Amino acid sequence: MRFLHLERRRSMDIAIDACSVINLCNANCIEMVSECENLELWVGPIVLGECGAGSASKLLDLINVGKIRKLDDSNFSAERYLELLSQYNLGPGETECITAAETTGYTVCTDDGRARTVVHNLLGSDRLIGSAGLLRQSVVFNVIRCGDANRMFEQMKLEGGFLPKLKESFFCQL
């Protein structure tokens, strides 16, 4: 299975993009995912600005209680950010996550197809995860039940998320 290597790791720092944040918020599970003991979610100011009011409000609440951390973009090279933005023609938030991941060694969480390809090619598949992978990790660490993860993932798609078709076993047979 594709994400088995992630299950073995005790802790992962993850720069999450707006697409994934919105998908998780649409399924009302971002708070549950943020409670997963092996995940440390990071969000940058650009990503925060790309989220709609509802998602941004949820993020700020989770940042204020320490469940999600805020990336300090002053620690990243503006030149590198602009280089990546120009080279790959991704959105500003996806580019922010990739720039942060290059600098910090974090994993990138994105559901955007083009951004996933760039992360895979630039950083490697072991530094890439999506909202489905976050839900799966939450199942592995008993934060979310597998049946609930399936329903949450389907809700993301019903709300407009462009996500792959997954077998129920993706969440339930770990």
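A brief structural summary. (Residues numbered from 1 in each chain as written. Predicted model: local features only at pLDDT ≥ 70, side-chain atom pairs only at ≥ 80, totals over all residues. Heavy atoms only, no water.)

### A short note on the packing of aromatic side chains
Scanning the entire structure with this criterion turns up 3 aromatic pairs. On the numbers, 5.8 Å between centres and 55° between planes, the contact of Phe153 with Phe171 is tilted. Placement of Phe153 in helix α10 (residues 146–158) and of Phe171 in helix α11 (residues 169–172) is noted, with a sequence separation of 18 residues between them. The class for Phe171 is buried, based on a relative accessible area of 1%. Aromatic pair Phe170 and Phe171: ring centres 5.0 Å apart, planes at 90°, arrangement edge-to-face. (Phe/Tyr/Trp six-rings, centres within 6.5 Å; stacked < 30°, edge-to-face > 60°. Helix = DSSP H or I, 4+ residues; strand = E, 2+ residues; numbered from the N terminus. Buried < 20%, exposed > 50% of the residue type's maximum accessible area, 1.4 Å probe, protein only.)

### A look at the packing of helix α6 (residues 78–88) against helix α8 (residues 113–122)
The geometry of α6 relative to α8 is characterised by a closest axis approach of 12 Å and an angle of 120° between their N-to-C directions. Between α6 and α8, the angle is such that the two are oblique. The handedness of the crossing between α6 and α8 comes out as right-handed. Every residue of α8 that contacts α6 at Arg80, Leu84 and Tyr88 is listed here: Arg114, Val118 and Leu122. Of the residues in the contact of α6 with α8, the class split is 4 nonpolar, no polar and 2 charged. (Axes fitted to C-alpha atoms, helices over the stretch in contact; angles between N-to-C directions. Parallel < 35°, antiparallel > 145°, perpendicular 65-115°, else oblique. Left-handed = near helix turned anticlockwise from the far one by under 90°. Contact = heavy atoms within 4.5 Å. Nonpolar A, V, L, I, M, F, W, Y, C, P; charged D, E, K, R; others polar.)

### Regarding the pattern of salt bridges
Overall, the coordinates contain 8 salt bridges when judged by the stated rule. For Arg69, the salt bridge identified is with Glu40, shortest N-O distance 2.7 Å. Here Arg69, found in strand β3 (residues 69–70), pairs with Glu40, found in strand β2 (residues 39–43); they are 29 residues apart in sequence, far enough to count as distant. For Glu40, a relative accessible area of 21% corresponds to the partly exposed category. Notably, a salt bridge pairs Arg80 with Glu102, separated by 2.6 Å at the nearest N-O pair. Of the two residues, Arg80 sits in helix α6 while Glu102 sits in helix α7 (residues 92–104), which places them 22 residues apart along the sequence. Several salt bridges converge on common partners, so that one network encompasses Glu31, Glu35 and Lys67. (Salt bridge = Lys/Arg side-chain N within 4 Å of Asp/Glu carboxyl O.)

### Details of the packing of α7 against α8
Put simply, α7 and α8 touch, their axes get as near as 11 Å, and they point 15° apart. Judged by the inter-axis angle, α7 sits roughly parallel to α8. Crossing of α7 against α8: the hand is right-handed. Of the residues in α8, those in contact with Glu94, Ile98 and Glu102 of α7 are Ala115, Val118, Val119 and Leu122. For the contact of α7 with α8, a count of residues per class yields 5 nonpolar, no polar and 2 charged.

### Regarding the side chain of Thr110
Within the element layout of this structure, Thr110 appears in the loop between β4 (107–109) and α8. Polar side-chain contacts of Thr110 include one of 2.5 Å to the side chain of Asp17. From its side chain, Thr110 meets the backbone nitrogen of Asp112 in a polar contact 3.1 Å long. (Polar contact = N/O pair within 3.5 Å; in protein donor to acceptor, adjacent residues only side chain to side chain.)

### Quick word on the state of the cysteines
By definition, a disulfide links the sulfur atoms of two cysteines through a covalent bond. With the rule as written, the count across this model stands at 1 disulfide. Put simply, Cys146 and Cys172 are joined by a disulfide, and their sulfur atoms are 2.5 Å apart. As the torsion about the S-S bond is roughly 100°, the Cys146-Cys172 disulfide counts as right-handed. Note that Cys146 is positioned in helix α10 and Cys172 in helix α11, a separation of 26 residues in sequence. Judged by relative accessible area, which is 25%, Cys146 ranks as partly exposed. As a non-bridged cysteine, Cys19 has Cys109 as the owner of its nearest cysteine sulfur, 8.9 Å distant. Its sulfur unpaired, Cys97 is 8.2 Å from the next cysteine sulfur, which belongs to Cys109. For Cys97, a relative accessible area of 1% corresponds to the buried category. (Disulfide = S-S within 2.5 Å.)

Worth remembering: the numbers are spatial, not functional.
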